[in-house]
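Survey of secondary and tertiary structure
What follows is each chain in one-letter form.
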Amino acid sequence: MTDACPDLAVVGGGVAGVAAAARAARAGARVLLLEAGDRLGGCVHTWRPEPDFWLELGAHTAYNSYGALIELSAAGLTPRAKVGYRFIEDGQPRSPFKRLDFWQALTHLPAGLRQDKAGRRVAEYYAGLLGPRNWSRLLAPAFAAVLSQPADDYPADWLFRRKPRVKSAPRKFTHRDGLQAWLAAIAARPGIELRLNCRVDALTPTSDGVELSGAGEAWSARRAVLALPPAPAGALLAPWLGRIGERLAATPSAPCDSLAVVVEAQRVRLPPLAGLIGDADAYYSAVSRDYLPHPRWRGFTFHFKPDRLDAAARRRRVAEVLGCRESDFAHLTEKRNALPALTTTSVELAAELEATLAPYPVRVVGNYLNGLSLGDTAQHAVARVDAWLSKARA
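Below you will find a few notes about this structure.

What follows covers the sheet that holds strand β12 (residues 209-214). Spatially, 3 strands are ordered β11-β12-β13 in an open sheet, and the strand pairing comes out antiparallel. Since the sheet does not close on itself, it has two edges, and those belong to β11 (202-206) and β13 (217-221), each with one partner. Mean inter-strand twist for the sheet, computed between neighbouring axes without regard to direction, equals 15°. The pairing of β12 with β13 spans 5 bridges and is classified as antiparallel. Across the sheet, Leu212 pairs through a bridge with Trp219, a residue of β13.

This is the structure in structure tokens:
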């Protein structure tokens, strides 16, 4: 392996890959960042239908507990306006607190606080914390709106973990040009060579590093980070790790059909809000751009439950909820998103994968190894890079 060989090859340009690449580059490493698509971001996808108006199609919000990302770039962070989430009941937006059974919460909370989250499902833990009625009426639909999938089987110890906050950053924020622009700014750090439209089909550890190849191209590096969804990551691991790579590749996914619209503000009957929680409706959530108000436009991204409605019915439902006509949609786009469907077995698999990879110059990072949030994903990726850097300095 020559001196010109990069210190680290990162495969995948989503949150985990960008965080790993930037952390390594900040420490002086030469990084090759390979992304199969034509854009960075992964589950972060900012759509710009107007020159001065954008809308998120995937992840929507960041918090000042996302220290691993804020440390890599704090430029352009913009506070979100204080608007809240609502349920729709009888055609009207209602506060989530109106669904809370205070008496059941009070009777369950003392014992519920003594529960251990480890190894427990979210449904089990939170029904024990606030009571089964509060779980079914309030928390289950609210958590499903956050995760864009049913939350019942999600590992309780991966949800809402307490983390230190960066006091200099807004408590809840976006980026002035959208979250995808924030990731692009992080990836623009010197020391990172970004290659888009570069798909990696094979990865093999060698005596002095790793060899990667795909679409007639080949690359070498001293180490590699796989920042890919479970299926392609597992497919790259299985030829030389066997069963655990196959188990990773078999991680189920939770699809949702996202429909985003932009409408002139005066044509929408809803008051300003952060978004809607779908509950029994056909959508998990409808996230508004009202957290960054615009003088002319309002934007909404509806994350629909899979295979409930066809495309025409989704458009009709959006118009009904917004109180406008389909002809009022100035801009519209659709996208199928898919996130890992995590369970308590995901925690066990993450630990086993980490132990199995320990002797190899390869690490796997992603939103299925530490939780789905942007902050948890980035923190896991940064920690893997930091461990390598510490070992190299020792």
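Let us now look at the nonpolar core. Within the largest apolar cluster, 54 residues are counted, with the highest numbers of intra-cluster contacts made by Tyr126, Trp135, Leu237 and Val364. At 8 residues, helix α5 (residues 132-147) tops the list of elements feeding residues into this core. The contacts of Trp135, once residues within four sequence positions are left out, are Val122, Ala123, Tyr126, Ala127, Ala140, Pro141, Phe143 and Asp152. Counting residues in each nonpolar core, the second largest holds 42 residues, with Val31, Ala62, Val365 and Ala378 among its members.

The strand order β5-β9-β6 describes an open sheet built from 3 strands, whose pairing is antiparallel. The sheet is open, and its two borders are formed by β5 (62-63) and β6 (77-79), each paired with just one other strand. Summarising the sheet, β5 and strand β9 (residues 172-175) pair through 2 bridges and their orientation is antiparallel. Note that in β9 the partner of Ala62 across the bridge is Phe173.

Here we come to helix α9 (residues 311-322). Helical geometry note: an α-helix holds 3.6 residues per turn, so side chains three or four residues apart project in the same direction. For α9, with 12 residues, the first-to-last C-alpha span of 17 Å sits near the 16 Å given by 1.5 Å per residue. Along α9, the residues that are buried comprise Ala313, Arg314, Val318, Ala319, Val321 and Leu322. Buried residues belonging to α9 abut β15 (253-264), β16 (275-277), β17 (283-288), β18 (297-304) and β19 (329-340). One or two positions beyond α9, positive phi appears at Gly323, with a value near 75°.

Moving on: the side chain of Lys305. Relative to the assigned elements, Lys305 resides in the loop between β18 and α9. Here Lys305 occupies a buried position and makes no salt bridge, while the nearest side chain of opposite charge, Asp279, is found at 6.4 Å. Only 2.5 Å separates the side chain of Lys305 from the backbone oxygen of Asp279, close enough to count as a polar contact. A distance of 2.8 Å separates the side chain of Lys305 from the backbone oxygen of Asp281, its partner in a polar contact.

A full pass over the atoms with the stated rule returns 32 salt bridges. The shortest N-O distance in the salt bridge between Asp290 and Arg298 comes to 2.5 Å. You'll find Asp290 and Arg298 in the same group, each marked buried. Because the salt bridges share partners, they merge into one network encompassing Asp257, Asp307, Arg314, Arg315, Glu326, Glu334 and Arg336.

Another aspect to go through is the packing of aromatic side chains. Applying the stated rule across the entire model yields 10 aromatic pairs. The interplanar angle of 65° and the centroid separation of 6.0 Å between the aromatic rings of Trp135 and Phe143 together place this pair among those described as edge-to-face. The residues Trp135 and Phe143 share a single accessibility class, namely buried. Look at Phe302 and Phe304: their rings are 6.0 Å apart centre to centre, the planes differ by 20°, and that puts the pair in the stacked class. Classification of Phe302 as buried rests on a relative accessible area of 0%. Here the aromatic cluster, defined as three or more aromatic residues joined through ring pairs, consists of Tyr125, Tyr126, Trp135, Phe143 and Phe160. Just above the ring of Phe87 sits the side chain of Arg99; from NZ or CZ to the centre is 3.9 Å.

Cut-offs and rules
- Residues numbered from 1 in each chain as written.
- Predicted model: local features only at pLDDT ≥ 70, side-chain atom pairs only at ≥ 80, totals over all residues.
- Heavy atoms only, no water.
- Pairing = 2+ DSSP bridges.
- Helix = DSSP H or I, 4+ residues; strand = E, 2+ residues; numbered from the N terminus.
- Axes fitted to C-alpha atoms, helices over the stretch in contact; angles between N-to-C directions.
- Core = buried A, V, L, I, M, F, W, Y, C linked by side-chain atoms within 4.5 Å.
- Buried < 20%, exposed > 50% of the residue type's maximum accessible area, 1.4 Å probe, protein only.
- Contact = heavy atoms within 4.5 Å.
- Expected span 1.5 Å × (residues − 1).
- Lys, Arg positive; Asp, Glu negative; His and termini not counted.
- Salt bridge = Lys/Arg side-chain N within 4 Å of Asp/Glu carboxyl O.
- Polar contact = N/O pair within 3.5 Å; in protein donor to acceptor, adjacent residues only side chain to side chain.
- Phe/Tyr/Trp six-rings, centres within 6.5 Å; stacked < 30°, edge-to-face > 60°.
- Lys NZ or Arg CZ within 6 Å of the ring centre and 35° of its normal.

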